[in-house]
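# Descriptive structure summary
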Amino acid sequence: MSSLRKTILTVVLLALAVLPLAGCGDTNSQSTFDANSGAHPADWLPLGHTVAAEDHLETCTECHGGDLAGGISKVPCAQCHLGNNEAVHPLQWGSYAYALHANYVKLNGTASCAEAACHGTALEGVPGSGPSCTACHLGGPTSKHPQLWDTNITLHMGYVAQNGTAACQNALCHGAALQGVFLSGPSCNACHQF
Ligand code: HEC
Ligand code: HEC
Ligand code: HEC
Ligand code: HEC
């Protein structure tokens with residue numbers, strides 16, 4: 001056999017060997033779940049499963065159940081998702097998560113946010129997933145302002161003197177130009193003449 005023929009034969013044989021394994025490509029559950037290890041790939045949370053579910057939600061039902069309530073995997077999507085099987089936050093939050101999460105946390109506590117895949121077990125945040133609560137909060141996970149302000153709001157004087165207004169100038173807090181934010185912090189000019 002000429003070496004060119006050998007090469008062609010090898011390529012054909014390789015293709016035949018690989019094709020049946022690959023099946024229908026991305027939609028094949030083999031590519032998202034390894035039966036030998038009994039687990040999803042290492043990068044499954046949060047990004048891997050998000051992309052897979054957005055592209056091929058139908059492939060999840062085989063193991064997570066037709067209603068995605070667990071099935072033979074015994075892992076319901078709602079174990080982590082608060083809205084429905086696909087939405088991580090309650091549906092009512094819509095695009096006002098920054099404002100409406102406060103009441104949710106007051107009613108339910110932080111337990112449902114403190115998930116290893118969501119905001120971290122100590123609410124420290126998770127790369128590629130939910131931010132740390134203190135990325136926005138100044139007084140710990142459940143207090144937007146330093147806690148002492150709860151009893152004496154005029155303490156913001158000293159804080160602003162020390163940190164400047166930059167620390168209040170945030171699109172979700174008092175607005176990028178301190179003009180206030182719908183359902184969140186008031187404009188500073190509600191009380192001041194800056
Ligand atoms: C062949 C069966 C099978 C298929 C198909 C499958 N899963 Fe799973 N899944 C499991 C099993 C079993 C577990 C529990 C073991 C584990 O965590 O890997 C699990 C766990 C998970 C977890 C939790 C992982 C963790 O580390 O806590 C997520 C998220 C998940 N699956 C999402 C999905 C999504 C989204 C799809 C569809 C794109 C899907 N799965 C398809 C069997 C499957
Ligand atoms: C172990 C916790 C966990 C489980 C179980 C889980 N998810 Fe997720 N899922 C997350 C997290 C965390 C995010 C947000 C990632 C981010 O911020 O980009 C997410 C995001 C998503 C998104 C993107 C939409 C959104 O609101 O961000 C889809 C779609 C999704 N998951 C589908 C599923 C499906 C379908 C299942 C069940 C088969 C499932 N997930 C099970 C943790 C989980
Ligand atoms: C992206 C910024 C941001 C992140 C991240 C964030 N919050 Fe908030 N949070 C806010 C804003 C803005 C308010 C004020 C909304 C209002 O005025 O009702 C707030 C208010 C609150 C309140 C009401 C208490 C108070 O001082 O008014 C609680 C409780 C709360 N958040 C809990 C949490 C928890 C728990 C986390 C983390 C899982 C978190 N927040 C992450 C922006 C954020
Ligand atoms: C609900 C009313 C109210 C809002 C809204 C408010 N403040 Fe104040 N602020 C006060 C009061 C009351 C004082 C104390 C005045 C005094 O004791 O002299 C004060 C004092 C100050 C002082 C020191 C005195 C001065 O006028 O220079 C600064 C600086 C300040 N606030 C900054 C801000 C900034 C920045 C914002 C917006 C992020 C803001 N405040 C929003 C009520 C408010």
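Model, not experiment: these values are computed from the prediction.

Moving on, we get to the overall build of the protein. A count of helices and strands for the protein gives 5 helices and 0 strands. Reading the protein from its N terminus to its C terminus gives the helix and strand order α-α-α-α-α.

For the iron atom of ligand 2, the full set of protein donor atoms is H49 (NE2) and H81 (NE2), at a range of 2.0 Å. One can describe the site at the iron atom of ligand 2 as octahedral: its 6 donor atoms subtend angles covering 84 to 179° at the metal. Placement of H49 in helix α2 (residues 47-56) and of H81 in the loop between α3 (61-64) and α4 (97-108) is noted, with a sequence separation of 32 residues between them. The class of H81 is buried, set by a relative accessible area of 13%.

Within this structure, the stated rule accounts for 4 aromatic pairs. One aromatic cluster in this structure is built from Y96, Y98 and F182.

Further remarks concern the site of ligand 2. Around ligand 2, the surrounding shell holds 21 residues, and the nearest of these are H49, C77, C80, H81 and A117. One of the backbone nitrogen or oxygen atoms of E86 is found 3.3 Å away from an oxygen atom of ligand 2. Here the residues of the shell around ligand 2 are counted per class, giving 12 nonpolar, 7 polar and 2 charged. Lining the shell around ligand 2 are residues from two domains, each supplying at least three of them: domain 1 (41-88) and domain 2 (94-135).

Glancing now at the site of ligand 4. If you check the shell around ligand 4, you find 13 residues, and the closest are H156, M157, C188, C191 and H192. H156 is positioned such that a nitrogen or oxygen atom in its side chain is 2.7 Å from a nitrogen atom of ligand 4. Separating a nitrogen atom of ligand 4 from a side-chain N or O atom of H192 is a distance of 2.7 Å. For the shell around ligand 4, the per-class residue count stands at 7 nonpolar, 6 polar and no charged.

It is worth spelling out unusual backbone geometry at this point. With an omega dihedral of -5°, the bond running from L45 to P46 counts as a cis peptide bond. Within the fold, P46 resides in the loop between α1 (3-22) and α2. The residue K74 is not glycine, and still its phi comes out positive at about 60°. Of note, L123 is a non-glycine position whose phi angle comes to about 60°, a positive value. Following the sequence through the fold, L123 ends up in the loop between α4 and α5 (156-163).

Protein-derived ligands of the iron atom of ligand 3 are H101 (NE2) and H137 (NE2), with the metal-ligand distances lying across 1.9 to 2.0 Å. Every donor counted, the 6 donor atoms about the iron atom of ligand 3 form angles of 83 to 178° at the centre, which fits octahedral coordination. With H101 in helix α4 and H137 in the loop between α4 and α5, this residue pair connects regions lying 36 residues apart in the sequence.

The final tally for this structure, using the stated rule, is 0 disulfides. With no disulfide of its own, C113 lies 6.2 Å from the sulfur of C133, the closest cysteine sulfur. Since its relative accessible area comes to 16%, C133 is described here as buried.

What counts and how
- Each chain carries its own residue numbering, running from 1 in the written order of its sequence.
- Whichever chain is written first is A, and whichever ligand is written first is 1; the rest continue in order.
- Local features in this predicted model are restricted to residues of pLDDT 70 or higher, and side-chain atom pairs are both shown and tallied only at a pLDDT of 80 or more, whereas totals for entire chains, interfaces and linings draw on every residue.
- In computing side-chain properties, one takes all heavy atoms of the structure into account and sets aside hydrogens as well as water.
- A helix here means a DSSP run of H or I that spans at least four residues, while a strand means a run of E at least two residues long, and both kinds are numbered starting from the N terminus.
- Coordination partners: N, O, S within 2.8 Å of the metal, 3.2 Å for Na, K and Ca; water not considered, so apparent gaps in a site are possible.
- Irregular is the default label, applied whenever a site is not tetrahedral (four donors, all angles between 85 and 135 degrees) and neither square planar nor octahedral (four or six donors, opposite donors over 155 degrees apart, all other angles between 65 and 115).
- A simple rule labels every residue: compare its accessible area, found with a 1.4 Å probe on the protein chains alone, to the largest value its type can have, and call it buried under 20%, exposed over 50%, or partly exposed in between.
- Side-chain rings of Phe, Tyr and Trp, where Trp is taken by its six-membered ring, are said to pair if the distance between their centres is within 6.5 Å; with planes under 30 degrees apart they count as stacked, over 60 as edge-to-face, and otherwise as tilted.
- We call a residue near a given molecule or strand whenever any one of its heavy atoms falls within 4 Å of it.
- Definition of a polar contact: a pair of N or O atoms within 3.5 Å, with one able to donate and the other able to accept a hydrogen when the atoms are protein atoms, and with sequence-neighbouring residues admitted only if both atoms are side-chain atoms.
- Under the scheme applied, nonpolar residues are Ala, Val, Leu, Ile, Met, Phe, Trp, Tyr, Cys and Pro; charged residues are Asp, Glu, Lys and Arg; polar residues are all the others, including Gly.
- Residue ranges assigned to the domains are those given by an automatic or database domain assignment.
- The disulfide criterion used throughout: a pair of cysteine sulfur atoms within 2.5 Å.

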